[in-house]
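Now for the letters of each chain:
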Amino acid sequence: MLSLEAPFSSSKAQLTKNARILVIEDEDLLRNFIGVTLKEEGYDVIEMSDGQNALNFLQSQETVSMDEMLDLIVLDLMLPQVNGLDIFRFLRYQVNTVPVLILSAKVSETDRVLGLEVGADDYLTKPFSMRELVARCRALLRRQQYLNVPQTAVKQFKDVMIFNEECRACVS
Ligand code: CA
């Protein structure tokens, strides 16, 4: 069962452009619910229900501009046509480092470990709450955003880091 608790409604995604999230999930109700929830959080969401279509879409992503690049993929494992693990392997074969949050109905520890061992950034077992999904997406996006900060945008003086574009400094 899916928890119907309200998702976070307070802080929206604090990004210059809306982060783009691809949701690949064949259960219509769940995919729509995830889509609506993430859109409410301020993200741009692309929904796909079929593994082959998703794979074709990801192949077409090789040539898109920075603005159109995906920032996160929410990936179900059990999909028609092409399964989630094969999609994931294709991404990494492409040397595509977009963070991937795997969704799975599989509950055994082996499957969970497998998901993480193939290099998924995070793993969520169904059923899960939308709050948890949003929190995990947000954490992955934050980490990716930090990794993508151009070197020139960060200056360091002894133990103080200055992030120019964000008008922010932090002391380590
Ligand atoms: Ca499925």
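Residues numbered from 1 in each chain as written. Predicted model: local features only at pLDDT ≥ 70, side-chain atom pairs only at ≥ 80, totals over all residues. Heavy atoms only, no water.

1. What to know about the confidence of the model for the protein
Note the following rule: A residue's pLDDT is simply how confident the predictor is in it, with values from 0 to 100. Counting from the N terminus, the helices are DSSP H or I runs at least four residues long and the strands are E runs at least two residues long. Only heavy atoms matter for contacts: two residues are in contact if any of them lie within 4.5 Å across the pair.
In this model, the protein carries an average pLDDT of 83, and 80% of its residues clear a pLDDT of 70 or more. The least confident element of the protein is strand β6 (residues 154-157), whose mean pLDDT is 68; the most confident is helix α1 (residues 28-40), at 98. In this model residues 8-15 is a low-confidence stretch, pLDDT under 50, and it forms 15 contacts with partners more than four residues away in sequence or in other chains.

2. Describing the sheet that holds strand β1 (residues 20-24)
What counts, and what does not: Any two strands with at least two DSSP bridges between them are considered paired. Angles here are taken between N-to-C directions and fall from 0 to 180 degrees, while the axes themselves are lines fitted to C-alpha atoms, restricted in helices to the stretch in contact.
What the 5 strands build is an open sheet, ordered β2-β1-β3-β4-β5; its pairing is parallel. Two strands close off the open sheet at either side, each with one partner strand: β2 (44-48) and β5 (122-125). Each adjacent strand pair in this sheet contributes to an overall mean axis angle of 15°, direction not counted. In this sheet, β5 lies alongside strand β4 (residues 100-104) in parallel orientation, the contact comprising 4 bridges. Residue L103 lies in a different strand from β5, and its bridge partner there is L124. Taken strand by strand, helix α2 (residues 51-60) contacts β1, β2 and β3 (72-76), and its axis lies near 135° from that of β2. Helix α5 (residues 130-147) rests against β1, β3, β4 and β5 of the sheet, and its axis sits at about 175° to β5.

3. A look at the nonpolar core
Applicable threshold: Grouping buried Ala, Val, Leu, Ile, Met, Phe, Trp, Tyr and Cys residues that are joined through side-chain atoms within 4.5 Å yields what is termed a nonpolar core. Burial classification: accessible surface area is computed with a 1.4 Å probe over protein chains only, and a residue below 20% of its type maximum counts as buried, one above 50% as exposed, and the rest as partly exposed.
By size, the foremost hydrophobic cluster in this structure holds 24 residues, and its most contacted members are L22, I24, L58, L70, I73, L75 and I87. Going through the elements one at a time, β1, β2, α2, β3, α3 (84-93) and β4 are the ones with two or more residues in this core. No other element matches the 5 residues that α3 contributes to this core. Once you skip the residues sitting within four places of it in the chain, I24 turns out to touch M48, A54, I73, V74, L75, D76, L79 and I87. Within the second largest apolar cluster, 20 residues are counted, among which are I21, L103, M130 and L141.

4. Focus: the coordination of the calcium ion
The line we're drawing: In this analysis a donor is any N, O or S atom within 2.8 Å of a metal ion (3.2 Å for sodium, potassium and calcium), and since water is not included, sites may seem incomplete.
For the calcium ion, every protein donor is listed as D26 (OD), D76 (OD) and M78 (O), and the spread of their distances is 2.1 to 2.3 Å. For the calcium ion, all donor residues lie on one chain, and their spacing in sequence is D-x49-D-x1-M. Here D26, found in the loop between β1 and α1, pairs with D76, found in strand β3; they are 50 residues apart in sequence, far enough to count as distant.

5. Here's the deal with the packing of α1 against α5
Put simply, the rule is: Working rule for angles: under 35 degrees goes down as roughly parallel, over 145 as roughly antiparallel, 65 to 115 as roughly perpendicular, anything else as oblique. Crossings are sorted by hand: turned counterclockwise from the far helix by less than a right angle, the near helix makes the crossing left-handed, and turned clockwise it makes it right-handed. Each residue receives one of three labels: charged for Asp, Glu, Lys and Arg, nonpolar for Ala, Val, Leu, Ile, Met, Phe, Trp, Tyr, Cys and Pro, and polar for the others, Gly being one of them.
The N-to-C vectors of α1 and α5 enclose an angle of 55°; their axes lie 11 Å apart at closest approach. Between α1 and α5, the interaxial angle falls into the category oblique. The two elements α1 and α5 meet at a crossing, and its hand is right-handed. On α5, the residues that touch L30, F33, I34, T37 and L38 of α1 are M130, L133, V134 and C137. The class makeup of the residues in the contact of α1 with α5 is 8 nonpolar, 1 polar and no charged.

6. Points about the side chain of Q61
If you trace the backbone, Q61 turns up in the loop between α2 and β3. With relative accessibility at 12%, the residue Q61 sits in the buried group. In contact with Q61, not counting residues within four places along its chain, are E68, M69 and L70.

7. Some details on the packing of α2 against α3
In the contact formed by α2 and α3, the axes pass within 10 Å of each other and the chain directions differ by 10°. Accordingly, the angle class assigned to the pair α2 and α3 is roughly parallel. Contacts between α2 and α3 involve G51, A54, L55, L58 and Q59 on the former and, on the latter, I87, F90 and L91. Across the contact of α2 with α3, the residue classes tally to 6 nonpolar, 2 polar and no charged.

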